[in-house]
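Residues per chain are reported as follows:
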Amino acid sequence: MNPDASANWASAILGLHQLLSDHLEKAQPAVPPVRLPEPTDWLQTMARVTAPGLAPGLAAPLGLEGLPAHVERDALWESAAQRYRAAASALHAAWLEIGSDTFDALRQALGGKSAPQDLRGIYDLWVACGESAFARQGATERYADLVSELINAQVSLLLASKRCQPKT
Amino acid sequence: MKAPDNFGPELAVLTQRLTQSVGQLAQTGLPDIGVSQHETVLTGQGFRLLRYGSGANRADQCAVLIVYALVNRPWVLDLEAGRSTIARLIASGMDVFLIEWEDPLAQDQDRGFSDYACHMLDECVDTVSALRNESTVNLLGVCQGGTFSLCYTALYGHKVRNLVTMVTPVDFHTEDNVLSKWVRKVDLDKLVGCYGNVPGTFLNALFLAMQPFRLGSKKYLDLVDLADDPEGLRTFARMERWIADSPDQAGRTFREFVGGLFQRNALVAGELVLDGKVVDLGEIRCPVLNVYALADHLVPASASRALADHVASTDYSELRFAGGHIGIYVSRDAQEKVPPAVAAWLQKRP
């Protein structure tokens, strides 16, 4: 398969993914959760609100609900936020690697004689390639360190944010 | 091979079927979980003891006390008609008891590992013994509840007749234990100090993150296969409800369990201390049935299999299930094989 075709497949799969996501978000059934999680969803799950002062799109730690939008930031808070940004970015970079490995594997699999011919089959193949790539990375010490550092950084940020809350 | 832009008709069908499935799910509402008749026979500090079934003949049947994990709810063992480990055990002639752990409140954050694995479990064991007029009980420990059951049996062996462990972690440091690696360097003192009780959503997120493509994407796209299957959609909704319903964890228990076992692997090292006593798995001499799943991504089979090397039981056997951590409770294959095998194993050891 040539690289251009690969990009088209990636686009088709992501389109299907988006379609699925849109449908589930519109449905609003009473049964949680129906929102389609993103590959970095566990970050989002832990981070249901945007932390005051963090860059847009950067998840905030669980438990920041109810904090004022602007906290009295001090050096400790800035340091915790910086650590959290670095940890989130590092994990995100690992995810980009997993995504890249996934598409490499998918490209190779689609070149085989038994490659699926339908969009659903290709999507399932993408999932299988993704889980396989993730299993390799997720079991490494490096990835484990990224996860634990993110958790530790989130906790530090949460503690710093609580400390900075105005006294009422 | 077709080019991607030739998939219009297939995409239209997928869209239509997905719309149908999701629309039905929206109308389903929150489905009930738990189908088997039961009564509360003991309400304690932090737990309820349930007894299933009815009728005087229960007294003549072989009894089993199920010890479930603190993570998630035990209703996955009684999900719906046709997918109920509990109903299958009853149908196999068992008198079934279950401990339902209550959610810890803010003031319960100092509740520890010993409180669950020794005190509360001991209260339940004594109650089952009294109700049954028997001096010993059969324990069926599930996942973390299996670890509790192992600790209890090691410390209170004279009260346990037979022990069944199901998808139970024993050696937390086997090479393929991904979850253990992920939490090995987490600062538990800070985490628990920050939250008090650890949010269930935190754990849930970690579990889902272990198979992100399958659990985050594929299972939802697979809804297209259920567009004409209302019962399948209800099962899906029940599973989603169960998965999302993850109770908070008492802070001290979380710190002791994760620190002692996931981080220091103290159970197999013989260094776990509960209630001032060292938990020595070598003290377990009763018959043991170790049930585990070969494709378990949460508790790898290797983590469960390690039990064989640590107990002193001369009557030790294993039941291997060709499936995953959740499938062993709810899959059709498991329903046919696992509960009847557990019941038969216990009934042969009165």
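Below is a short write-up of the structure. A quick note: this is a predicted structure, and the numbers were derived from the prediction, not measured. (Residues numbered from 1 in each chain as written. Chains lettered and ligands numbered in written order. Predicted model: local features only at pLDDT ≥ 70, side-chain atom pairs only at ≥ 80, totals over all residues.)

## Examining the overall build of chain A
Inference 1: A tally of helices and strands in chain A yields five helices and zero strands.
Inference 2: Ordered by position in the sequence, the α and β elements of chain A form the string α-α-α-α-α.
Inference 3: Evaluated residue by residue, chain A yields a buried proportion of 34% over its 168 residues.
Inference 4: Sequence-distant contacts, at least 24 apart, represent 65% of the contacts inside chain A between residues at least 6 apart. (Helix = DSSP H or I, 4+ residues; strand = E, 2+ residues; numbered from the N terminus. Buried ≥ 20, exposed ≤ 12 C-beta atoms within 10 Å, placed from the backbone. Contact = placed C-beta atoms within 7 Å.)

## A short note on the sheet that holds strand 3 (residues 62–67) of chain B
All names here are of chain B.
Inference 1: Strand order in the open sheet formed by eight strands is 1-2-4-3-5-6-9-10, with mixed pairing between adjacent strands. Only two strands of the sheet have a single neighbouring strand rather than two, namely strand 1 (38–44) and strand 10 (316–321). Going across the sheet, the axis of each strand differs from the next one's by a mean of 20°, ignoring polarity.
Inference 2: With respect to the sheet, helix 3 (residues 113–132) is in contact with strand 1, strand 2 (47–52), strand 3, strand 4 (94–101) and strand 5 (137–142), its orientation differing from that of strand 1 by roughly 130°.
Inference 3: Across the sheet, helix 4 (residues 144–155) touches strand 3, strand 5 and strand 6 (160–166), and the angle it forms with strand 5 is around 140°. (Pairing = 2+ DSSP bridges. Axes fitted to C-alpha atoms, helices over the stretch in contact; angles between N-to-C directions.)

## With respect to helix 1 (residues 8–28) of chain B
All names here are of chain B.
Inference 1: With 21 residues, helix 1 extends 30 Å from end C-alpha to end C-alpha; this agrees with the ideal 30 Å at 1.5 Å per step.
Inference 2: Of the positions making up helix 1, those classed as buried are L14, L18, S21, V22, Q24 and L25. For helix 1, the arc enclosing every buried residue in end-on projection is 155°, short of the 170-degree limit, so these residues lie on one face. Away from its buried face, by an angle of more than 90 degrees, helix 1 presents the exposed residues G8, P9, A12, Q16 and Q27. (Expected span 1.5 Å × (residues − 1). Arc of directions from axis to C-beta.)

## Re the pairing of strand 3 of chain B
Residues and elements named next belong to chain B.
Inference 1: When you tally the buried positions in strand 3, you get six out of six residues, the bulk of the element.
Inference 2: Note: strand 3 against strand 4, six bridges, orientation parallel. Among the inter-strand pairings, V67 is bridged to a residue of strand 4, identified as I99.
Inference 3: Following the backbone out of strand 3, through helix 2 (residues 85–91) and into the adjacent parallel strand 4, one traces a crossover that is right-handed.
Inference 4: Looking at chain direction, strand 3 and strand 5 are connected through three bridges and run parallel. Residue pairing for strand 5: I66 is matched across the bridge by L140. (Right-handed = clockwise from strand over helix to strand, strands pointing away.)

## A short note on the packing of helix 3 of chain B against helix 4 of chain B
Helix-helix packing: each pair is described by the crossing angle between the helix axes and the interaxial distance.
Residue and element names in this part refer to chain B.
Inference 1: For the pair helix 3 and helix 4, interaxial distance at closest approach is 9 Å and the crossing angle is 70°. If you check the angle between helix 3 and helix 4, you find them roughly perpendicular. At the point where helix 3 passes helix 4, the crossing takes the right-handed sense. Contact residues: helix 3 offers Y116, A117, C118 and L121, while helix 4 offers F148, C151, Y152 and L155.
Inference 2: Split by residue class, the contact of helix 3 with helix 4 holds eight nonpolar, no polar and no charged. (Parallel < 35°, antiparallel > 145°, perpendicular 65-115°, else oblique. Left-handed = near helix turned anticlockwise from the far one by under 90°. Nonpolar A, V, L, I, M, F, W, Y, C, P; charged D, E, K, R; others polar.)

## Here's the deal with the environment of D275(B)
Residue and element names in this part refer to chain B.
Inference 1: Here D275 is to be found in the loop between strand 7 (273–274) and strand 8 (277–278).
Inference 2: Residues D275 and F97, spaced 178 residues apart in sequence, show a C-alpha to C-alpha distance of 25 Å.
Inference 3: If near-sequence neighbours (up to four positions away) are discounted, D275 is found in contact with S114 and C118.

## With respect to the nonpolar core
Inference 1: If you look at the biggest cluster of nonpolar residues, it comprises 140 residues, and the most contacted ones within it are L65(B) and I66(B).
Inference 2: Here this core takes ten residues from helix 5 (residues 141–164) of chain A, the largest share from any one element.
Inference 3: Once residues lying within four places of it in the same chain are set aside, the contact partners of L65(B) are F97(B), C124(B), V125(B), V128(B), V137(B), N138(B), L139(B) and L140(B). (Core = buried A, V, L, I, M, F, W, Y, C linked by C-beta atoms within 7 Å.)

## Some points on the environment of L125(A)
Residue and element names in this part refer to chain A.
Inference 1: With respect to the secondary-structure elements, L125 resides in helix 4 (residues 119–138).
Inference 2: Along the primary structure L125 and R136 are separated by eleven residues, whereas in three dimensions their C-alpha atoms are 17 Å apart.
Inference 3: Discounting chain neighbours no more than four positions away, the residues touching L125 are L106, A109 and P116.

## Considering unusual backbone geometry
Peptide bonds are trans in most cases, and residues, glycine excluded, mostly fall at negative phi.
Residues and elements named next belong to chain B.
Inference 1: Positioned with a positive phi, N72 is a non-glycine residue whose angle comes to about 60°.
Inference 2: Unusually for a residue other than glycine, C143 sits at a positive phi of about 55°.
Inference 3: On the secondary structure map, C143 appears in the loop between strand 5 and helix 4.

## Observations concerning the pairing of strand 1 of chain B
Residue and element names in this part refer to chain B.
Inference 1: Sheet topology note: the strand 1/strand 2 ladder contains six bridges and is antiparallel. Paired with E39 across the two strands is R51, which belongs to strand 2.
Inference 2: What sits between strand 1 and strand 2 in their antiparallel hairpin is a turn of two residues, with G46 showing a positive phi close to 100°.

## Overview of helix 4 of chain B
Structural remark: α-helix, 3.6 residues per turn; residues separated by three or four positions point the same way.
Residue and element names in this part refer to chain B.
Inference 1: For helix 4, spanning twelve residues, the distance from its first C-alpha to its last is 17 Å, which sits close to the expected 16 Å at 1.5 Å a residue.
Inference 2: Taking burial as the measure, the twelve residues of helix 4 include twelve buried ones, the bulk of the element.
Inference 3: The set of residues buried in helix 4 consists of Q144, G145, G146, T147, F148, S149, L150, C151, Y152, T153, A154 and L155.
Inference 4: Lining the buried residues of helix 4 we find strand 3, helix 3, strand 5, strand 6, strand 7 and strand 8.

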